[in-house]
Amino acid sequence: MSLETGIAPAPVQADRTVRRQQTARRPWLDHWLDTCRDLSTLTASHPMMDAVIDEIDGRMIRVGEKWLADFASCNYLGFDLDREIIDAIPAYLDAWGTHPSWSRLLGSPVLYEQIEERLTDLLGSADSLVLPTITHIHMSVIPLLAASGTIFIDSRAHKTIYDGCQIARSRGAAVKRFQHNDPDHLEQLLRVERDQMRLVCMDGVNSMTGNAPDLHAFADVAARHGALLYIDDAHGFGVIGERGPDETSPYGMRGNCVVRHFGESYDNVILVGGFSKAYSSLLAFVACPTDVKQLLKVAAPPYLYSGPSPVASLATVLKGLDVNEQRGDALRAIIWKHSSRVLRLLRELGVATPNRSELPIIEVPIRDHRRISAVGQRLFDRGVYVTLAAYPLVPKSEVGFRIQLTAANTDVEVDSLLAAIEELAGEGELMSADDLDHHLEGGAA
Ligand SMILES: Cc1ncc(COP(=O)(O)O)c(C=O)c1O
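Residues numbered from 1 in each chain as written. Predicted model: local features only at pLDDT ≥ 70, side-chain atom pairs only at ≥ 80, totals over all residues. Heavy atoms only, no water.

**Structural notes on the sheet that holds strand S7 (residues 198-203)**
(1) Moving on: Sheet architecture is open: seven strands sit in the order S4-S10-S9-S8-S7-S5-S6, paired in mixed fashion. Looking at which strands have only one partner, the edges of the open sheet turn out to be strand S4 (127-131) and strand S6 (174-178). Strand-to-strand, the axes of this sheet are offset by a mean angle of 20°, without reference to chain direction.
(2) Moving on: Where strand S5 (residues 150-154) meets S7, four bridges bridge the pair, whose relative direction is parallel. In the strand pairing of S7, Ile153 is matched with Cys201. (Pairing = 2+ DSSP bridges. Helix = DSSP H or I, 4+ residues; strand = E, 2+ residues; numbered from the N terminus. Axes fitted to C-alpha atoms, helices over the stretch in contact; angles between N-to-C directions.)

**A look at the site of the ligand**
(1) Moving on: All residues adjacent to the ligand are Thr133, Ile134, Thr135, His158, Thr160, Asp203, Ser207, Asp232, Ala234, His235, Ser276 and Lys277.
(2) Moving on: Residue Lys277 places a side-chain N or O atom 2.9 Å away from an oxygen atom belonging to the ligand.
(3) Moving on: The fraction of the free accessible surface of the ligand (400 Å²) that becomes covered by protein chains is 82%.
(4) Moving on: Grouping the amino acids of the shell around the ligand by side-chain chemistry returns two nonpolar, seven polar and three charged. (Near = heavy atom within 4 Å. Polar contact = N/O pair within 3.5 Å; in protein donor to acceptor, adjacent residues only side chain to side chain. Areas by Shrake-Rupley, 256 points an atom, 1.4 Å probe, with all protein chains shown as cover. Nonpolar A, V, L, I, M, F, W, Y, C, P; charged D, E, K, R; others polar.)

**Things to note about helix H8 (residues 183-191)**
Spacing of three or four residues puts side chains on the same side of an α-helix, whose turn is 3.6 residues.
(1) Moving on: Of all the positions in H8, only Pro183, His185, Leu186, Glu187, Leu189 and Leu190 are classed as buried.
(2) Moving on: Buried residues along H8 sit against S5, S6, S7 and helix H9 (215-224). (Buried < 20%, exposed > 50% of the residue type's maximum accessible area, 1.4 Å probe, protein only. Contact = heavy atoms within 4.5 Å.)

**Thoughts on the pattern of salt bridges**
(1) Moving on: Going through the model one piece at a time under the given rule, you end up with 29 salt bridges.
(2) Moving on: As a salt-bridge pair, Arg37 and Asp34 come within 3.1 Å of each other at their nearest N and O atoms.
(3) Moving on: For Arg37, a relative accessible area of 43% corresponds to the partly exposed category.
(4) Moving on: On the basis of relative accessibility, which here comes to 48%, the residue Asp34 falls in the partly exposed class.
(5) Moving on: If you follow the salt bridges from partner to partner, you end up with Asp82, Glu84, Arg118, Lys319, Asp322 and Arg327 in one network. (Salt bridge = Lys/Arg side-chain N within 4 Å of Asp/Glu carboxyl O.)

**Describing the pairing of strand S10 (residues 284-288)**
(1) Moving on: In terms of burial, S10 is a largely internal element, five of the five residues being buried.
(2) Moving on: By the alternation rule, side chains of S10 split into Ala284, Val286 and Cys288 and Phe285 and Ala287, which are all buried.
(3) Moving on: Sheet topology note: the S4/S10 ladder contains five bridges and is antiparallel. Counted as the bridge partner of Leu131 is Ala284 from S10.
(4) Moving on: Summarising the sheet, strand S9 (residues 269-274) and S10 pair through four bridges and their orientation is antiparallel. Bridge pairing in S10 links Leu271 to Ala287.

**What to know about the side chain of Arg104**
(1) Moving on: With respect to the helices and strands, Arg104 occurs in the loop between helix H4 (83-96) and helix H5 (110-123).
(2) Moving on: We classify Arg104 as buried; its relative accessible area is 6%.
(3) Moving on: Apart from residues no more than four positions distant in its own chain, Arg104 is found in contact with Tyr112, Glu113, Glu116, Leu129, Val130, Tyr303 and Ser306.

**Concerning the packing of H4 against helix H13 (residues 311-349)**
(1) Moving on: Running from N to C, H4 and H13 point in directions that differ by 140°, and their axes come no closer than 8 Å. Classified by the angle their axes make, H4 and H13 are oblique. The handedness of the crossing between H4 and H13 is right-handed. Residues Glu84, Ile85, Ala88, Ile89, Tyr92, Leu93 and Trp96 of H4 lie in contact with H13, whose contacting residues are Val311, Ala312, Ala315, Thr316, Leu318, Lys319, Gly320, Val323, Gln326 and Arg327. (Parallel < 35°, antiparallel > 145°, perpendicular 65-115°, else oblique. Left-handed = near helix turned anticlockwise from the far one by under 90°.)

**Side note on the sheet that holds strand S3 (residues 66-70)**
Paired through their backbone hydrogen bonds, the strands of a sheet run either parallel or antiparallel.
(1) Moving on: One open sheet holds the four strands; their spatial order is S1-S2-S3-S12, and the pairing between them is mixed. Edge positions in the sheet fall to strand S1 (55-57) and strand S12 (384-385), since each has one partner strand and no second.
(2) Moving on: Pairing of strand S2 (residues 60-63) with S3 involves four bridges; the strand directions are antiparallel. Pairing of Met60 across the sheet is with Ala69, part of S3.
(3) Moving on: Sitting on the sheet, helix H14 (residues 372-381) touches S2, S3 and S12, and the angle it makes with S3 is about 105°.

**Let's talk about the confidence of the model for the protein**
(1) Moving on: For the protein, mean pLDDT is 93; residues scoring 70 or higher make up 93% of the total.
(2) Moving on: Low pLDDT, under 50, characterises residues 1-7; the predicted model gives this stretch five contacts beyond four residues in sequence or across chains. (pLDDT = per-residue confidence, 0-100.)

**Overview of the side chain of Thr209**
(1) Moving on: Relative to the assigned elements, Thr209 resides in the loop between S7 and H9.
(2) Moving on: Judged by relative accessible area, Thr209 falls into the buried class, the value being 17%.
(3) Moving on: A polar contact is formed between the side chain of Thr209 and the backbone nitrogen of Asn211, at a distance of 3.1 Å.
(4) Moving on: Setting aside residues up to four positions removed in sequence, Thr209 forms contacts with Pro354, Asn355, Ile361 and Glu363.

**A closer look at the pairing of strand S14 (residues 400-404)**
(1) Moving on: The element S14 is largely enclosed, with a buried count of five among its five residues.
(2) Moving on: Of the strand pairs in this sheet, strand S11 (residues 361-365) and S14 are connected by five bridges, and their pairing is antiparallel. Considered in S14, the bridge of Ile362 is made with Ile403.
(3) Moving on: Looking at chain direction, strand S13 (residues 387-389) and S14 are connected through three bridges and run antiparallel.

Have a look at this one:
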């Protein structure tokens, strides 16, 4: 039966369709299915992968009949559920409709100007430009900044940074990798580089380990070798910020990113971040000098051609900036409390995690990567929802699960997570801290 017409195809046409399906060779599809076999098998069979969430109640989610505590959300500040923010959105919809579909070059609602002004103020940068997503930014800004020069990329940089570098490479840039979090290796590469145009690309707070790089060291190396430092702090924005005597947690205050957290200047830095994690909104930013912003406004395709963020997202950001100033540090104290509880238990049990920062991203590698499905099922049965990090998303030696804590999680939910971790540790499913140290010392990938 044809979907368009509702009429059954004539037999000859049906035969032809079947024959085409049988004879069509799709080697590209076979190749990719084979490459991603572990992941696609897990995705097809596991309730914690590619799940349909039927309902939410706070940070509890319902998948089919099962209610689970959600530790896979990146909504660190809990703005997705914040009543003050939700209630502020309808007025913006009344004023602007749901979605003005101009590209930003054609016309930007004044909300964008308001966001950029407030964001620049919060970050303490020279200027800022907002675009729909960080992915858009990496794809368009990295090639512009790199031009035909050389990019130095952290070997564990986020996939979207790599993709931006690939585009830059296709436009004539060279790309060199330095060892993850290793400013000395970066310096070695920079020292022998003849190219005058140098761009260093790396993450701020790492999306898997939850750790921030030693920004003083990287900023120092970059400055000494005339390189521009490009940092993606998707997970730091809203969580870590400037230090001060009134801080409510070691994350610092105001959630204004890794550059302020380390007390570094923006002289030689382009900072990228997003609202889609801590601020629960579809929007991202580049903090940069005004002349770079002017360049992006005429040369970055997402500014010229992409559809904009929905009005509800812009409204969430504006109200979120208010809530961040008023209650953000109290919310960060809750995130820290939850994260510390989990990390304390892991330490007591001698279970491995790369997290050294107390930030709310806690990866727990398992002892045998082939057990990921069983371990995930055990957590699911226990009513705990986490991100499964399966091969090839991570190397086999790092297969495990990632826990993310948000201000909207309750103490009771964290209790259930701790009980599940204790059970898995008792059954010997989790990697021991000694094994992880051994692995890191061996420098295995
Ligand atoms: C470090 C990092 N960069 C970029 C992205 C992508 O962000 P966006 O959804 O804004 O494109 C993510 C999302 O997971 C991320 O973790």
